[in-house]
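This is what each chain is made of:
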Amino acid sequence: MDKRQCERLVCRGHPNIRALHQSTFEITKEEHLTYSGTCIIGVHADKGLCDLNPEFRKSLASDAALLVTTLSAGTETCTITARGSSRLTLNHPTDLVWRRSSYIDSRTIAIHADFTAKTIPRELIAAIADDKKMKVDLEIFMIPEEERSSAPQIQAFFHRYL
């Protein structure tokens, strides 16, 4: 297994969390959330993208990076896999956005995520929606060249380490 890097951030829920967005989910350092923020699942985070360890950001900004994110609130958890990219800038001061697509902007932490706000288990969303604390554990796996040419190969790589 290749060297892995880890980060943890902590955020809170909010009464306006609806988690209905079909292509992204977001965690932000902002403290307030309007009802129209359908992708936001956590507010008042203790880190934005630019606050992550520089070595972690450097590793994530690689086409070989697989980001495994574990969201935990109370007894509820959800594990998301997504890809890093050499196109990531990872410099936004407040936001972290996981995307199902390959679209990248300054807020993007990962692309090709296997969950979105709408598909995160509703039990987890309920656990954080009433202002509960959520832990967000981030772990980077570096996928060997011979195993990153297809989605099934990447899934097989990941599942070897579960």
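Rules of the game
Residues numbered from 1 in each chain as written. Predicted model: local features only at pLDDT ≥ 70, side-chain atom pairs only at ≥ 80, totals over all residues. Heavy atoms only, no water. Helix = DSSP H or I, 4+ residues; strand = E, 2+ residues; numbered from the N terminus. Contact = heavy atoms within 4.5 Å. Phe/Tyr/Trp six-rings, centres within 6.5 Å; stacked < 30°, edge-to-face > 60°. Buried < 20%, exposed > 50% of the residue type's maximum accessible area, 1.4 Å probe, protein only. Pairing = 2+ DSSP bridges.

1. A few points about the environment of His112
Okay, step 1: Looking at where His112 falls in the secondary structure, it is placed in the loop between strand E7 (108–110) and helix H2 (122–129).
Okay, step 2: For the pair His112 and Ala82, spaced 30 residues apart in sequence, the C-alpha separation works out to 5.3 Å.
Okay, step 3: If we ignore the near neighbours within four places in the chain, the residues touching His112 are Thr81, Ala82, Arg83, Arg99, Arg100, Ser101 and Ser102.

2. Structural notes on the packing of aromatic side chains
Okay, step 1: Counted according to the given criterion, the structure contains 1 aromatic pair.
Okay, step 2: When the centroid spacing of 4.6 Å and the interplanar angle of 10° are considered together, the rings of Phe25 and Trp98 count as stacked. Taken as a pair, Phe25 in strand E2 (residues 24–28) and Trp98 in strand E6 (residues 95–99) lie far apart in primary sequence, 73 residues in all.
Okay, step 3: Since its relative accessible area comes to 0%, Phe25 is described here as buried.

3. Looking at the pairing of strand E1 (residues 5–12)
Okay, step 1: Going residue by residue along E1, you find Gln5, Glu7, Leu9 and Cys11 tucked away on one face and Cys6, Arg8, Val10 and Arg12 left uncovered on the opposite face.
Okay, step 2: Both E1 and strand E8 (residues 133–142) contribute to a ladder of 8 bridges, which runs antiparallel. Each bridged residue has a counterpart across the sheet, and for Cys11 the counterpart in E8 is Met134.

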